[in-house]
Protein chains: 2
Amino acid sequence: MKLVVTQENLAKALQVVGRVATGKTPLPILNNILFRTDKNRLLLAATNLEIAITQYVGSKVETEGTITVPARLMSEFISNLPKGNVTLEADGTKLHIKSGTYQSTINGMAPDEFPALPEITAHQEMTLAPSVLKRAIQQTVLVASIDDTRPMLTGVYCHTCEGTLYFAATDGYRLAERSLGVFEQELRAIIPAQTLQDVLRVMTDDMNEIKLIFDENQMRILLDDIEITSRLIDGIFPDYRQLIPAKSDIEVTLRKDEFTRITKVASLFARESGGSVTLKASEADQRLSIHSVASQLGENTSEAEAKVTAAGQVTLNSRYLIEGLGCIDSPVVTFSFSGKLAACILTIAEGERDYKHIIMPLKS
Amino acid sequence: MKLVVTQENLAKALQVVGRVATGKTPLPILNNILFRTDKNRLLLAATNLEIAITQYVGSKVETEGTITVPARLMSEFISNLPKGNVTLEADGTKLHIKSGTYQSTINGMAPDEFPALPEITAHQEMTLAPSVLKRAIQQTVLVASIDDTRPMLTGVYCHTCEGTLYFAATDGYRLAERSLGVFEQELRAIIPAQTLQDVLRVMTDDMNEIKLIFDENQMRILLDDIEITSRLIDGIFPDYRQLIPAKSDIEVTLRKDEFTRITKVASLFARESGGSVTLKASEADQRLSIHSVASQLGENTSEAEAKVTAAGQVTLNSRYLIEGLGCIDSPVVTFSFSGKLAACILTIAEGERDYKHIIMPLKS
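Residues numbered from 1 in each chain as written. Chains lettered and ligands numbered in written order. Predicted model: local features only at pLDDT ≥ 70, side-chain atom pairs only at ≥ 80, totals over all residues. Heavy atoms only, no water.

Draft legend 1. View of the overall build of chain A. Within chain A one finds six helices and 26 strands. Along the longest, intermediate and shortest principal axes, the C-alpha atoms of chain A span 80 × 50 × 35 Å. The 364 residues of chain A split such that 52% are buried. Of the contacts formed within chain A by residues at least 6 apart in sequence, a portion of 65% connects residues at least 24 apart. Of the roughly 16600 Å² of accessible surface on chain A, 48% is carried by carbon and sulfur atoms. (Helix = DSSP H or I, 4+ residues; strand = E, 2+ residues; numbered from the N terminus. Buried < 20%, exposed > 50% of the residue type's maximum accessible area, 1.4 Å probe, protein only. Contact = heavy atoms within 4.5 Å. Areas by Shrake-Rupley, 256 points an atom, 1.4 Å probe, with all protein chains shown as cover.)

Draft legend 2. Representation of the interface of chain B and chain A within the structure. Each partner contributes residues to the interface: chain B has 32 residues there, and chain A has 32 residues. When chain B packs against chain A, the two sides together hide about 2700 Å² of surface, and 52% of this comes from carbon and sulfur. Where chain B packs against chain A, one counts two salt bridges. Each residue belonging to the side of chain B that touches chain A can be placed in one class, and the counts come to twelve nonpolar, twelve polar and eight charged. (Buried area = accessible area lost by both parts, 1.4 Å probe. Salt bridge = Lys/Arg side-chain N within 4 Å of Asp/Glu carboxyl O. Nonpolar A, V, L, I, M, F, W, Y, C, P; charged D, E, K, R; others polar.)

Draft legend 3. Quick look at the sheet that holds strand β6 (residues 66–70) of chain A. All names here are of chain A. The strand order β6-β2-β3-β4-β17-β16-β15-β10 describes an open sheet built from eight strands, whose pairing is antiparallel. Looking at strand neighbours, the two that pair on one side only are β6 and β10 (124–128), the edges of this open sheet. The mean inter-strand angle of the sheet, taken between neighbouring strand axes irrespective of direction, is 20°. Packed onto the sheet, helix α1 (residues 7–18) meets β2 (32–38), β3 (41–47), β4 (51–58) and β17 (226–231) and runs at close to 170° relative to β4. Packed on one face of the sheet, helix α2 (residues 71–80) meets β2 and β6 and runs near 90° to β6. (Pairing = 2+ DSSP bridges. Axes fitted to C-alpha atoms, helices over the stretch in contact; angles between N-to-C directions.)

Draft legend 4. Here's a closer look at the pattern of salt bridges. Across all of its chains, the model carries 39 salt bridges over all chains by this definition. Between glutamate 62 of chain A and lysine 2 of chain A there is a salt bridge, and its shortest N-O distance comes to 3.9 Å. With glutamate 62 of chain A in strand β5 (residues 60–63) and lysine 2 of chain A in strand β1 (residues 2–6), this pair connects stretches of sequence that are 60 residues apart. The class of lysine 2 of chain A is partly exposed, set by a relative accessible area of 26%. For arginine 271 of chain B, the salt bridge goes to glutamate 76 of chain A, with nearest N and O atoms at 2.7 Å. Placement of arginine 271 of chain B in the loop between α5 (256–268) and β19 (276–282) and of glutamate 76 of chain A in helix α2 is noted, with the two residues assigned to different chains. Since its relative accessible area comes to 23%, glutamate 76 of chain A is described here as partly exposed. Linked by salt bridges that have partners in common, Asp171, Arg174, Arg319 and Glu323 of chain A make up one network.

Draft legend 5. Seen up close, α1 of chain A. Under the 1.5 Å per step criterion, the end-to-end length of α1 of chain A is 15 Å for twelve residues, consistent within 8% with the ideal 16 Å. Of all the positions in α1 of chain A, only Gln7, Leu10, Ala11, Ala13, Leu14, Val16, Val17 and Gly18 of chain A are classed as buried. (Expected span 1.5 Å × (residues − 1).)

Draft legend 6. Broad picture of the domain arrangement of chain A. Residue and element names in this part refer to chain A. Looking at chain A, the domain boundaries give domain 1 (2–113), domain 2 (124–242) and domain 3 (244–359). The C-alpha centroid of domain 2 is placed 29 Å from the C-alpha centroid of domain 1. Of the residues lining the interface, eleven residues belong to domain 1; the matching set on domain 2 comes to twelve residues. The three residues of domain 1 that bury the most area against domain 2 are Arg19, Glu50 and Ile51, which together make up 44% of that side's buried surface. Our count for the contact surface shared by domain 1 and domain 2 stands at two salt bridges. Our count for the domain 1 to domain 2 interface comes out at seven residue pairs in polar contact (both at pLDDT 80 or more). Put simply, the parts of the chain that give the side of domain 1 that touches domain 2 at least two residues each are α1 and β4. Looking at which element gives the most residues to the side of domain 1 that touches domain 2, the answer is β4, with six residues. Looking at the side of domain 1 that touches domain 2, its residues break down into six nonpolar, three polar and two charged. (Domains from an automatic or database assignment. Polar contact = N/O pair within 3.5 Å; in protein donor to acceptor, adjacent residues only side chain to side chain.)

Draft legend 7. Quick peek at the relation of the copies chain B and chain A. After a rotation of 180° and a shift along the axis of 0.0 Å, chain B superposes on chain A with an RMSD of 0.0 Å. The superposition operator between the copies reduces to a two-fold rotation axis. No C-alpha of chain B approaches the rotation axis more nearly than that of arginine 201 of chain B, which lies at 16 Å. Mapped onto chain A, 100% of the interface residues of chain B are again interface residues, and the two copies thus contact each other with one and the same surface. (Least-squares fit on C-alpha atoms with pLDDT ≥ 70 in both.)

Draft legend 8. A look at the packing of aromatic side chains. Throughout the structure, instances matching the rule amount to 14 aromatic pairs over all chains. Taken together, a centroid distance of 6.1 Å and an interplanar angle of 75° make the contact between phenylalanine 237 of chain A and tyrosine 240 of chain A edge-to-face. Comparing phenylalanine 237 of chain A with tyrosine 240 of chain A, the two get one shared label, buried. On the numbers, 5.8 Å between centres and 80° between planes, the contact of phenylalanine 259 of chain B with phenylalanine 335 of chain B is edge-to-face. Residue phenylalanine 259 of chain B is located in helix α5, and its partner phenylalanine 335 of chain B is located in strand β24 (residues 332–337); the two are separated by 76 residues in the primary sequence. One aromatic cluster is present, built from ring pairs that chain together Tyr157, Phe237 and Tyr240 of chain A. (Phe/Tyr/Trp six-rings, centres within 6.5 Å; stacked < 30°, edge-to-face > 60°.)

Okay, structure coming up:
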């Protein structure tokens, strides 16, 4: 293998594929990146057996071939080189790299030890604008569980219900559901949260429409020259919709920035109590107040003007509330609840409510 | 005590003094900040018994008084409040804080438990422009030792020699000396590195001339409304000047950015060998090359054009070299050495050499 590629393109591609090759693994070859020529392109690939990322880079190929080299050293080395042409030349399992006055030899491993890249047959297929996919992931992946004892909850549930496509996630304490419009095919896929984090990481604003392909056990996301192929999580996602209250007794509507600020201030006094803050809606005063107590340190009450339909109070984890507010795409939000025990809902105050963020109350 | 102060000024002052009140300490009162009215000003003070920081804040004082409150909670609370007036009212050891729709009570401690703030008598006194002091600290504090077994080396030695003021520091492996011009008084003070880090932290570009006052055991730095008072380190600083070579056999002059880049690239291959890289000056080629070997991973040679007065090679710690280059204020640097064993010197290539950065070679 001998080829010439620009430092800029190679460094970018190494960043994209490198992440999955830098984890702990019992198989040393998985810490390597596969390089393989393909006509006038260079394919870079890395996998941890759960997820595989590949990217094509335009290059001037003199001799075809393939090699694998350690991801971390290769990425750091290339990203520190000056801009311009880089020559890669494989000699057995050694890769010689030249760029201006820099020359290095990196010891690789034979490519035949590298796992075969996953194949996929499209059972379902959809196309989404990058901005839509990005926000849908951000609004749901946040509440996916990090507890591996319930693997189904560590992913985002991508499914259809009555002809509409939804992304949903829950960790048992909170729940987020984003509707993504009409989708006629039947789909029930639990995408690992880490896969979606990788999609966010490699996504850029100037990308074309993004294609998602599903088969029974895998999915592939095509982002211009990048392909991410991931296993899906086995199992049946819980019937989360029964946790979403059909209606609430109390609706509080206020500015999102004020709601966020009074919650943040209250949370400073809630460290001893695991973040527990008590929200009190006053119909008479048309105000929402948040109270928190730190027995040793002091106490706090913060208030904001709000449109309140009925009086009531509820105790929540302040971190969940702050993170939930960050998911609402509107300067004015509606917080709906029904007393101390029922689930609370955050939505936009006006317009199409295609996103719901549910938080379970704490015992108070 | 009752007073009104702006959130902006109070938040800034809490940031300045708060750092020294947030360390681990067996005395709980040292995690508190002292508030004390002084006519139409509010004094904030914190100390860890090694260093005390005070700042005055303009305020509308209704009732004089004093109280202490936990630094961390108070800082975080005030910095999260909206801009505008904040009312502070002490009630015994409780501090009531009001700002618009926010009200909190923070439990403090009686101010009579707070240590007396240090007094100082000026034996020596100097004034420096903020930009000059800042750079002199940055160029020396970096090489101060972090090894507490040799306490003298954990500070910056501020001293006079033949009527010139110097800042100097060394950890035994490298040494930095900055000359700061004429100073007629005799001075030998070892300032703790942490004190100088605090000076860098609170210094802003718009400050007036900075005054430094020394007595036998303490120093004080006056930065506008801020006063930092620190103990000095006991002991006699080693006679470091004998470590600075009077002349070197080989001088290599090259662009600082290229020297930095080839060293960084070489350092990637030097992780297994504790950062060891070998520099080779070639008089015939008028080049400096850096070579590094990672037995498992590969090897690297990077070169840069240079003005070389004689051939030679030396092995150095690449991190020391990169950090040393960062201290040189010039686009072109001169690297002087005399073979494998003698100390190496980094200086600016042309102009007044008021800064020297010495690095001891590694055995190769």
